Amino acid sequence: MLEREIVVVGAGPAGLSAAIEAAGAGARVLCIDLNMRPGGQLFKQIHKFFGSSAHRSGTRGIDIGRMMLDEAEDKGVELWLGSTVIGLFPGNKVGVRHGQDGTAGAFVTVHAQKIIVAAGASENVVRFDGWTTPGVMGAGAAQTMVNVNHVKPGRRVVMLGSGNVGLIVSYQLMQAGCEVAALVEAAPKIGGYAVHAAKIARAGVPIYTSHTIKRVVPDESGRVCRVVIVGLDDAFQEIPGTEREIEADTVAIGAGLKPTTELLALLKCDFTFHPVWGRVPLHNRDMETSQEGVYIAGDTTGVEEANTALEEGRIAGISAAAALGYLSEDEAKARKDEIWARLAALRMGPFGEKREQAKQDILSAFDESRGGLAAV
Amino acid sequence: MPLLKCGYLTYEELRALRAVPSDARYAKGPVAVIECVQEIPCNPCETSCPSRAICVGDPIVNLPCLAEEQCTGCGMCVAKCPGMAIFVVDKAYSDTTATVGFPYEYFPLPEEGAAVTAVDRAGQPVCGGTVVRVMNPKAFDHTPVVTVEIPKAFADEVRGIERGTC
């Protein structure tokens, strides 16, 4: 069995920042990602990030990704790409389908003293008549096509969902030369940042709030050729007679994400159901789960955004390194306190408040589950 | 709020929510118009301003405030704002025309001197215009700032141009 001090599952913003912190403190860190390139979603994010300038806001995600890869290399983080963690087992064993050259497909078990799971999230789907028609895809898939593979998913796109993913991907599809025929949102108001909506409104994209996709009509070749949308009432029920047909060859669905938590369920980590985030693992202020030595960070803990993922990754990395003796308790605490303060600032305002409350709820639930006092 | 329904505000709605430059300041030449109305954690406008004319402060969800007398209308914040929500308006450009500068991240990039159709916040055509400046220095990090000359009457409406095709 291979031995590593820390294994990080996932090389996205949370996993990479955890790996960088822990390796920077002196730990031997192995970071594993199933993609052929590290960086998670960062390399799809060609837009400039919000956040504090002290933390690279105003910089494009793709450039933040490049900086982090350089930093991880500098700090000596070992990276396994094209490798899937297929299981976490008692005794801190990490089962990996190792996909690197020469050992493609080999199964290896790594014993890790500490494990950090930063497995991200996966896209939700919306089922409507014709949802399996070729040309219907996740907004994240459409974004990967244009920004990573430089292939247009189609000529004319209907976007379903007005969260930041739906708004940003609509904009980026237009930058790539696609037309966005409509943005459709079931709720009565736009879900994401108004500035993102303003950008696509300015480009002439019609926004249909209180509407959803009723069905997709294929052409003779079986590909999407028309999209029928319908108005919704306050109870999200279809309003008869409000159907309208839109010519389009692609439908992108940006209907939110759910945390990827299967590995933590295998380890029997304690979970809770939270109305904001769904079923998520409990963790404490070290980002440690109910299983000692197993930490989490980023979207796995509840879907937020890259800035919060980066900060949570740092906390997990510092905690794991401190638990191994690479940082004094005082130093680790001082650094974690600073990061928690920055996280609190990122979770303010109308968009952040409910995520701050959700995070506090999770931390309290962790304390309660351990029989301790609820966090004040 | 119409913003949340259709994705944009009219100038009147913006004025009701946020301070816009005074008439006196507009009369002096180019000035930043900040169309940022939601408290989101973001402050590159503040840190990018070479004249220190924009203040966000702590916490960073504060809405940005412009010290209009300090603003030189240089356009740095226009390129830096991740929300592309800042414009530079020059109502003193000539007796009859004004200019509006906006971020433009599409291909093809218009050329100086080109005749274009100027659009409002809803993307609807408002009037004809002429591109007078295309700024795309390294510091703007691939967010060119395009400035169009338009009839003065439309200075508060025009916020972009119809896109060309590649």
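The rules behind these values
Residues numbered from 1 in each chain as written. Chains lettered and ligands numbered in written order. Predicted model: local features only at pLDDT ≥ 70, side-chain atom pairs only at ≥ 80, totals over all residues. Helix = DSSP H or I, 4+ residues; strand = E, 2+ residues; numbered from the N terminus. Rg over C-alpha atoms; globule rule 2.2 N^0.38 Å. Buried ≥ 20, exposed ≤ 12 C-beta atoms within 10 Å, placed from the backbone. Contact = placed C-beta atoms within 7 Å. Nonpolar A, V, L, I, M, F, W, Y, C, P; charged D, E, K, R; others polar. Pairing = 2+ DSSP bridges. Axes fitted to C-alpha atoms, helices over the stretch in contact; angles between N-to-C directions. Left-handed = near helix turned anticlockwise from the far one by under 90°. Parallel < 35°, antiparallel > 145°, perpendicular 65-115°, else oblique. Core = buried A, V, L, I, M, F, W, Y, C linked by C-beta atoms within 7 Å. Domains from an automatic or database assignment. Right-handed = clockwise from strand over helix to strand, strands pointing away.

### Description of the overall build of chain A
Item 1. Along the backbone of chain A there are nine helices and 19 strands.
Item 2. The C-alpha radius of gyration of chain A comes to 22 Å, within 12% of the 21 Å expected for a compact globule of 376 residues.
Item 3. In terms of its C-alpha atoms, chain A occupies a principal-axis envelope of roughly 65 × 55 × 40 Å.
Item 4. Of all 376 residues assigned to chain A, the portion counted as buried reaches 51%.
Item 5. Of the contacts formed within chain A by residues at least 6 apart in sequence, a portion of 63% connects residues at least 24 apart.

### Some words on the overall build of chain B
Item 1. Looking only at helices and strands, one finds five helices and nine strands in chain B.
Item 2. In sequence order, chain B lays out its α and β elements as α-α-α-β-α-β-β-α-β-β-β-β-β-β.
Item 3. Computed over the C-alpha atoms, the radius of gyration of chain B is 15 Å, within 12% of the 15 Å expected from 2.2 N^0.38 for a compact globule of 166 residues.
Item 4. A total of 166 residues make up chain B; the buried ones form 46% of that total.
Item 5. If you take every contact in chain B between residues at least 6 apart in sequence, the share linking residues at least 24 apart comes to 57%.

### What to know about the interface of chain B and chain A
Item 1. On the side of chain A, 36 residues touch chain B, which itself brings 36 residues to the contact.
Item 2. Counting residues per element, the ones that place at least two in the side of chain B that touches chain A are α1 (2-6) and α4 (44-48) of chain B.
Item 3. Tallying contributions element by element places α1(B) first for the side of chain B that touches chain A, with four residues.
Item 4. Here the side of chain B that touches chain A is composed, by residue class, of 20 nonpolar, eight polar and eight charged.

### Some details on the sheet that holds strand β9 (residues 160-161) of chain B
Strand pairing within a sheet occurs via backbone hydrogen bonds; the two strands may be parallel or antiparallel.
Residues and elements named next belong to chain B.
Item 1. Taken in spatial order, the seven strands line up as β1-β4-β5-β8-β7-β6-β9 in an open sheet, and their pairing is antiparallel. The two strands at the open ends of the sheet, each matched to only one other strand, are β1 (31-34) and β9.
Item 2. In the sheet, β1 pairs with strand β4 (residues 86-90) via four bridges, with the strands oriented antiparallel. Looking at the pairing, Ile34 lines up with Ile86 of β4.

### Considerations on the environment of A:Ala320
All names here are of chain A.
Item 1. Mapped onto the elements, Ala320 comes out in helix α7 (residues 306-323).
Item 2. Along the backbone, Ala320 and Ile116 are 204 residues apart, and their C-alpha atoms lie at a distance of 8.0 Å.
Item 3. Beyond its immediate stretch of four places on either side in the chain, Ala320 contacts Ile6, Ala22, Lys114, Ile116 and Tyr295.

### What to know about the packing of helix α1 (residues 13-24) of chain A against helix α2 (residues 61-74) of chain A
When two helices pack together, their arrangement is given by the angle between their axes and by how far apart the axes lie.
All names here are of chain A.
Item 1. Contact pair α1 / α2: the axes reach a minimum separation of 9 Å and the direction vectors enclose 30°. The way α1 lies across α2 gives a crossing that is left-handed. Two secondary-structure elements touch here, α1 through Leu16, Ser17, Ala19 and Ile20 and α2 through Met68, Glu71 and Ala72.

### Section: the packing of α7(A) against helix α8 (residues 329-346) of chain A
Residues and elements named next belong to chain A.
Item 1. Between α7 and α8, the least distance of the axes is 10 Å, while the angle of their chain directions is 165°. What the angle tells us is that α7 and α8 run roughly antiparallel. The crossing of α7 and α8 is left-handed. Residues Asn307, Thr308, Glu311, Arg314, Ile315, Ile318, Ser319 and Ala322 of α7 form the contact with α8, whose participating residues are Glu329, Ala332, Arg335, Lys336, Ile339, Arg342, Leu343 and Leu346.
Item 2. The residue inventory of the contact of α7 with α8, partitioned by class, reads seven nonpolar, three polar and six charged.

### Structural notes on the pairing of strand β6 (residues 106-117) of chain A
Residues and elements named next belong to chain A.
Item 1. Sheet topology places strand β1 (residues 2-9) next to β6; seven bridges connect them, and they run parallel. Considered in β6, the bridge of Glu3 is made with His111.
Item 2. Summarising the sheet, strand β5 (residues 93-98) and β6 pair through six bridges and their orientation is antiparallel. Its bridge partner lying in β6, Val94 is registered against Val110.

### Regarding the nonpolar core
Residues and elements named next belong to chain A.
Item 1. Ranked by size, the top nonpolar core spans 151 residues in total, and within it Ala19, Ile116 and Val251 carry the most contacts.
Item 2. The dominant element in this core, judged by the number of residues it contributes, is α7, at ten residues.
Item 3. Shared between two domains, this core takes at least three residues from each, and those domains are domain 1 (2-122 + 257-369) and domain 2 (127-253).
Item 4. In contact with Val251, other than residues within four places in its own chain, are Gly135, Val136, Val158, Leu160, Ile213, Val216, Val224 and Val227.
Item 5. Ala121, Ile362, Ala365 and Phe366 belong to the second largest nonpolar core, which has eight residues in total.

### Here we look at the pairing of β1(A)
Residues and elements named next belong to chain A.
Item 1. With four bridges connecting them, β1 and strand β2 (residues 29-32) associate as parallel partners. Note on β2: the bridge partner recorded for Ile6 is Val29.
Item 2. With respect to chirality, the unit in which β1 leads through α1 into the neighbouring parallel β2 is right-handed.

### Details of the domain arrangement of chain A
All names here are of chain A.
Item 1. Under the domain assignment used here, chain A contains domain 1 (2-122 + 257-369) and domain 2 (127-253).
Item 2. Between the C-alpha centres of domain 1 and domain 2 there is a distance of 31 Å.
Item 3. Between domain 1 and domain 2, the contact holds four residues from the first and six residues from the second.
Item 4. Its residues placed into classes, the side of domain 1 that touches domain 2 shows two nonpolar, one polar and one charged.

### Structural notes on the environment of A:Tyr326
Residue and element names in this part refer to chain A.
Item 1. With respect to the helices, strands and loops of the structure, Tyr326 is situated in the loop between α7 and α8.
Item 2. Note on Tyr326: 19 C-beta atoms within 10 Å, which makes it partly exposed.
Item 3. Between the C-alpha atoms of Tyr326 and Ile20, which are 306 residues apart in sequence, the distance is 13 Å.
Item 4. The residues touching Tyr326, leaving out its near neighbours within four places in the chain, are Ala25, Gly26, Ala27 and Ala321.

### Side note on the sheet that holds strand β10 (residues 179-184) of chain A
Residue and element names in this part refer to chain A.
Item 1. Strand order in this open sheet of five strands is β8-β15-β9-β10-β11, and the pairing throughout is parallel. Single-partner strands in this sheet number two, and they are β8 (136-138) and β11 (207-208).
Item 2. Sheet contacts for helix α4 (residues 164-175): β9 (156-160), β10 and β15 (250-253); angle to β10, the most-contacted strand, approximately 165°.

### Description of helix α5 (residues 194-202) of chain A
Item 1. Of all nine residues in α5(A), nine are buried; the element is thus mostly enclosed.
Item 2. Regarding α5(A), the residues found buried are A:Ala194, A:Val195, A:His196, A:Ala197, A:Ala198, A:Lys199, A:Ile200, A:Ala201 and A:Arg202.
Item 3. Close packing links the buried residues of α5(A) with α4, β10 and β11 of chain A together with α1, β6 (115-119) and β9 of chain B.
Item 4. The first or second residue beyond α5(A) is A:Gly204, which carries a positive phi of 90°.

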